[in-house]
Amino acid sequence: MKLLVPVKRVLDYNVKPRVRADGTGVDLAGSKMSMNPFDEIAVEEAVRLRERGVATEIVVVSIGVQQCQETLRTALAMGADRAILVLTEAAPEPLAVAKLLRALVLREGPRLVVLGKQAIDDDMNATGQMLAGLLGWAQATFASRVEVAAEADGGTATVTREVDGGLETIAVALPAIVTVDLRLNEPRYASLPNIMKARKKPMETLSLGDLGVDVTPRLTTLRVSEPPVRKGGVTVGSVAELVSKLRSEARVI
Ligand code: AMP
């Protein structure tokens, strides 16, 4: 069974974003970029499914600038087999990404697409759901456990999801979309030999035109601003003083 895993290149999660002075977005110049952390979890899960003999091939895909090749090489070093870069200078919004992924799904024929539940740069949490809608496939979002029955057993994914009240376990018929949550697994570090091996794994570059998808934006970012600065705290000397301040200054009790 072939798996498709989309991986996005984002500002590294340890880097504090700098908002451009004119409020048009986040300044990425010279900043460390990495694979979206949820996508690392998706790659790890795909590799585990292959190690369990369920998956036979893992194709990773990234949509973005030339440097996304580094993100794809990381995924290949973790164990993916083949990579596709869809080259575009403009950062596509989720609907455009979903349409491009749909075109790749029709080309590649995977039985399962495993995505991150959200990209940590735009926090959209939309691409997997839109892809399921465009394809008319079943979807299981926010997976914290994934089991896939072999095709011979009906081709089903049993997915445990973290919901407000606890854990919900659902079964979806393949082909399906799974989006992964934080507690699904702990992604492996790529070993040096695997990083070397990854350099030789196939990587194909496609243009937007190759996939014939209209990526005209539908969203306009009006303004990006820094979060409000946290006001300094005070240390109180006693519980009585705390209660008094909460009552007279904060007026919350
Ligand atoms: P989002 O809907 O933007 O929060 O992204 C959800 C997931 O869609 C990510 O975790 C990735 O798996 C995938 N994705 C979004 N944008 C891209 C992209 N430019 N290239 C590859 N995968 C992407």
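Residues numbered from 1 in each chain as written. Predicted model: local features only at pLDDT ≥ 70, side-chain atom pairs only at ≥ 80, totals over all residues. Heavy atoms only, no water.

Once that is clear, we can look at the packing of aromatic side chains. Taken as a whole and assessed by the stated rule, the structure comprises zero aromatic pairs. When the ring centre of Phe142 is taken as origin, the NZ or CZ atom of Lys117, which lies over that ring, is 5.5 Å away. (Phe/Tyr/Trp six-rings, centres within 6.5 Å; stacked < 30°, edge-to-face > 60°. Lys NZ or Arg CZ within 6 Å of the ring centre and 35° of its normal.)

What follows is about the site of the ligand. What surrounds the ligand is a group of 18 residues, the closest being Asp39, Ile63, Ala119, Asn125 and Thr127. In the environment of the ligand, an oxygen atom lies 3.0 Å from a nitrogen or oxygen atom belonging to the backbone of Pro6. In this structure, an oxygen atom belonging to the ligand sits 2.8 Å away from a main-chain N or O atom of Ala126. Protein chains shield 99% of the accessible area of the ligand, which is 480 Å² for the free molecule. Secondary structure elements with two or more residues in the shell around the ligand: strand S6 (57-64) and strand S8 (112-116). Top element by residues in the shell around the ligand is S6. It accounts for three residues. (Near = heavy atom within 4 Å. Polar contact = N/O pair within 3.5 Å; in protein donor to acceptor, adjacent residues only side chain to side chain. Areas by Shrake-Rupley, 256 points an atom, 1.4 Å probe, with all protein chains shown as cover. Helix = DSSP H or I, 4+ residues; strand = E, 2+ residues; numbered from the N terminus.)

Take the pairing of S6 next. For S6, the buried fraction is high: seven of the eight residues fall into the buried class. Here strand S1 (residues 2-6) runs beside S6; their pairing, made up of five bridges, is parallel. Across the sheet, Pro6 pairs through a bridge with Val61, a residue of S6. In this structure, S6 lies alongside strand S7 (residues 82-87), joined through six bridges in parallel fashion. Within S7, the position partnered with Ile63 by the bridge is Val86. Following the backbone out of S6, through helix H2 (residues 68-78) and into the adjacent parallel S7, one traces a crossover that is right-handed. (Buried < 20%, exposed > 50% of the residue type's maximum accessible area, 1.4 Å probe, protein only. Pairing = 2+ DSSP bridges. Right-handed = clockwise from strand over helix to strand, strands pointing away.)

Before going further, it helps to examine unusual backbone geometry. Cis geometry is found at the peptide bond from Leu174 to Pro175, where omega equals 5°. Unlike most non-glycine residues, Asp123 shows phi in positive territory, near 50°. Among the structural elements, Asp123 can be located in the loop between S8 and helix H4 (127-135). Residue Asp123 is classed as partly exposed on the basis of its relative accessible area, which comes to 48%.

Further remarks concern the nonpolar core. The biggest cluster of nonpolar side chains holds 41 residues, and the ones touching the most others in it are Val5, Val43, Val60, Leu112, Val148 and Val178. No other element matches helix H1 (residues 37-51), which puts seven residues into this core. Contact partners of Leu112, with chain neighbours within four places excluded, come to Lys2, Leu3, Leu4, Leu49, Val148, Leu174, Ala176 and Val178. Membership of the second largest hydrophobic core comes to 23 residues, among which are Ile63, Ile84, Ala98 and Leu211. (Core = buried A, V, L, I, M, F, W, Y, C linked by side-chain atoms within 4.5 Å. Contact = heavy atoms within 4.5 Å.)

Right, let's get into the pattern of salt bridges. The final tally for this structure, using the stated rule, is 18 salt bridges. Residue Asp121 pairs with Lys8 through a salt bridge whose shortest N-O separation is 3.2 Å. Taken together, the residues Asp121 in the loop between S8 and H4 and Lys8 in the loop between S1 and strand S2 (9-11) connect sequence positions 113 residues apart. Residue Asp121 is classed as partly exposed on the basis of its relative accessible area of 43%. A salt bridge links Lys245 to Glu249, with the nearest nitrogen and oxygen atoms 3.2 Å apart. Taking relative accessible area as the criterion, Glu249 reaches 55% and is therefore assigned exposed. Residues joined in a network through salt bridges with shared partners are Lys2, Glu57, Arg82, Arg107, Glu108 and Glu204. (Salt bridge = Lys/Arg side-chain N within 4 Å of Asp/Glu carboxyl O.)

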